[in-house]
Amino acid sequence: MPGTTGETLLEIDDLTVRLASGAARPVLDGVSLRVARGESVGLVGESGSGKSVTSRAALGLLPAGATATGTVRVAGDDVLAMPPARLRELRRREAAMVFQDPRASINPVRRVGDFVTEGLRAGGTPARAARKTAEELLEAVGIPDPRRALRRFPHEFSGGMLQRVMIAGALAGGPRLLLADEPTTALDVTTQAEVISILTRLQAERGTGLLFVTHDLDLAAAVCDRIYVMYAGRIVEEQTADGLFARPRHPYTAGLLAATPRMGSAEPPRGVPGRPVSLAENPEGCAFAARCRLAAPECAAERPTLRPVDGVSVACLRAEEPIHD
Amino acid sequence: MTEQPVLAVEGLRKTFGDHAAVDDVSFAVPPGGSLAIVGESGSGKTTTARMLVGLERPSAGRVLVDGADRTAPPRGRTARLARARAIQMVFQDPYLSLDPRVTVADAVEEPLRLHFDLDPAARRARRDELLDRVGLGEREAAALPRRLSGGQRQRVALARALAVEPRALVLDEATSALDVSIQAQIVELLRDLRASLGVAYVFVSHDLSLVRHVADDLLVLRRGRTVEAGRAAAVLDGPRHPYTRLLLDSVPRPGWDPARIAADRRALD
Ligand SMILES: Nc1ncnc2c1ncn2[C@@H]1O[C@H](COP(=O)(O)OP(=O)(O)OP(=O)(O)O)[C@@H](O)[C@H]1O
Ligand SMILES: Nc1ncnc2c1ncn2[C@@H]1O[C@H](COP(=O)(O)OP(=O)(O)O)[C@@H](O)[C@H]1O
Ligand code: SF4
Ligand SMILES: [Mg+2]
Ligand SMILES: [Mg+2]
């Protein structure tokens, strides 16, 4: 499989997560996913498909009361079996998360310096050394006058600047694995480009493994080596970013591509018809069947599993047939 | 002669303290036309949009609706209703723009009650017609907003805006909070509504990739000022201002180089 030749940092195997109550189907259903050292891996899919639950599971964070089967390993250690003290250490040193909305995830009444240094301080780094590291990190993410910035409050920064602060905070513990959950969705396009260039440069310099969550296929392709496509809690396709664009194998992936507006094209984007499968629904066969223009009678009866087709992994009964022209 | 614009602004300006959020902006939208206003965050798009619908009083310049001066925010119920009949606004956040306690059906009936003298049966018929137009059925009509997805809520917001049969809709980042597959559905709906109803749009966005599919004309704002304006296809295919080029380059695509875009952006300052 491409990209897994290096040391594997994140290994999710057959992860199934069920909520405490009320849902007809699991939030995650047999998800397997890998991120190697230095690799950028995309996780794409529409709102509610389970991307955030997947990335949070890498930090041992599950929805309250949820039960999980399967394994989640970071650098070989089973995250779901970790005692709380070990989990805290994992989140401080080995794996860190950059969230979508910096304003909602950084404590507004604490100084930026406290946010960036808290992981280091908790890990025993003396205050002065932590401050120095924080200054270097703010410098690296392009915050002007880092020393002063450390004393300022979140509301004094724009969204783009605050997202840089969050990246600095995530990198402070020197994590080998970075989880970025829609890190630029709240930003405008030029600021997005700045933040992505910072994120990818630091990731390349440090050999960090990156799991990049987004609903934007073009962005995923620009950032990632390899992409997983998720639909209704399952991985439905996995292949290289280039391969995904040249030849999507799952009809949902093809639908996402057609829905993405193309800069140079006069062809308007086409929406994927219908609506996502809610947690209250658990269709018998393929979860995408109600929206799939290739659906055949057997699709409503048999649940497709992820299988190799021409070197690509795809969960579609008709994956051998051409799906676009 | 060209038709009288449904919406025109001349020398529009808005200052907050000594900061000019919008600075000498002029444009005209013909009946059934569509103008996109693009620019980075903070470039003045929303402030412009708010002045168009009378939510903000311009510091200078004029707003004309069907040739009539509407520069001052409307005062009194009659003036407010008249302004609302002409122009409606749809906001970015489908989660905030609907009252959480009001069903979809009632939310769409509300503007009908306010603006038209219909008996209950006629009002319900019109409501169902509007919901049908935006692709919502009986199930959604009976639901509270929290039961709906983001795309469905944005459809409700459109149905409400269309209820008064406005001449123009101001759409402020109306598709930005939606993920791509749903965003494309809403763009299809917007194209269809304009073609069938002849309603004009002012489409505000920071993302140039949708502009060609929603707008005929394009205005690029930077720090409150117009840096480029023209037919959308012409500007997109042959941008003249480096800032327009920067916005175009910023849209992710294969071969996208974020580091170069970041450098170009700094070079513009
Ligand atoms: N703590 C929770 N309690 C109950 N349901 C939850 C919880 N967390 C997630 N869910 C549900 O699980 C499903 C997957 O959620 P998740 O947040 O992973 O989706 P996503 O792909 O990240 O979507 P988005 O793009 O909207 O963030 C959704 O239906 C969501 O409502
Ligand atoms: N009520 C206000 N008071 C002070 N400044 C404001 C106010 N509203 C907007 N601004 C400023 O005006 C500029 C343009 O804002 P806005 O129209 O909201 O831009 P956009 O919608 O393109 O993000 C920004 O610099 C913003 O900070
Ligand atoms: S299994 Fe059938 S319904 Fe599912 S994606 Fe493939 S063709 Fe479509
Ligand atoms: Mg999410
Ligand atoms: Mg705005």
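Residues numbered from 1 in each chain as written. Chains lettered and ligands numbered in written order. Predicted model: local features only at pLDDT ≥ 70, side-chain atom pairs only at ≥ 80, totals over all residues. Heavy atoms only, no water.

Colleague: Outline the overall build of chain A, supporting the account with residue identities and numerical values.
Modeller: When helices and strands are counted, chain A shows eleven helices and twelve strands. In terms of overall dimensions, chain A is globule-like: its C-alpha atoms have a radius of gyration of 20 Å, near the 20 Å expected for 325 residues. With the principal axes as the frame, chain A shows a C-alpha extent of 65 × 50 × 40 Å. Evaluated residue by residue, chain A yields a buried proportion of 52% over its 325 residues. (Helix = DSSP H or I, 4+ residues; strand = E, 2+ residues; numbered from the N terminus. Rg over C-alpha atoms; globule rule 2.2 N^0.38 Å. Buried < 20%, exposed > 50% of the residue type's maximum accessible area, 1.4 Å probe, protein only.)

Colleague: Go over the overall build of chain B with me, naming the residues and quoting the values.
Modeller: Broken down by element type, chain B carries eleven helices and ten strands. Whereas a compact globule of 269 residues would reach a radius of gyration of roughly 18 Å, chain B reaches 19 Å, a difference of no more than 12%. When its C-alpha atoms are laid out on the principal axes, chain B stretches across 60 × 45 × 40 Å. When burial is assessed residue by residue, chain B has 54% of its 269 residues classed as buried. Across chain B, contacts joining residues at least 24 apart in sequence account for 66% of those joining residues at least 6 apart. For chain B, the accessible area works out to roughly 11,900 Å², and carbon and sulfur atoms hold 47% of it. Taken as two groups, the 39 positive and 36 negative side-chain charges of chain B have centres that lie 3 Å from each other. (Contact = heavy atoms within 4.5 Å. Areas by Shrake-Rupley, 256 points an atom, 1.4 Å probe, with all protein chains shown as cover. Lys, Arg positive; Asp, Glu negative; His and termini not counted. Charge placed at Lys NZ, Arg CZ, Asp CG, Glu CD.)

Colleague: Report on the site of ligand 2, specifying residues and quantitative values.
Modeller: All names here are of chain B. If you check the shell around ligand 2, you find Phe 16, His 19, Ala 21, Glu 40, Ser 41, Gly 42, Ser 43, Gly 44, Lys 45, Thr 46 and Thr 47 and nothing else. Gly 44 is positioned with one of its backbone polar atoms (N or O) 3.3 Å from an oxygen atom of ligand 2. Within the contact set of ligand 2, an oxygen atom lies 2.8 Å away from a side-chain nitrogen or oxygen of Lys 45. Contact with the protein chains hides 57% of the accessible area of ligand 2, taken as 560 Å² for the molecule alone. Ranked by residues supplied to the shell around ligand 2, first place goes to helix H1 (residues 45–52) with three residues. In terms of residue class, the shell around ligand 2 is built from two nonpolar, seven polar and two charged. (Near = heavy atom within 4 Å. Polar contact = N/O pair within 3.5 Å; in protein donor to acceptor, adjacent residues only side chain to side chain. Nonpolar A, V, L, I, M, F, W, Y, C, P; charged D, E, K, R; others polar.)

Colleague: Help me get a handle on the confidence of the model for chain B, residues and values and all.
Modeller: Mean pLDDT for chain B: 92, with 99% of residues reaching 70 or above. Scoring the predicted complex yields pTM 0.86 and, for the interface, ipTM 0.84. (pLDDT = per-residue confidence, 0-100.)

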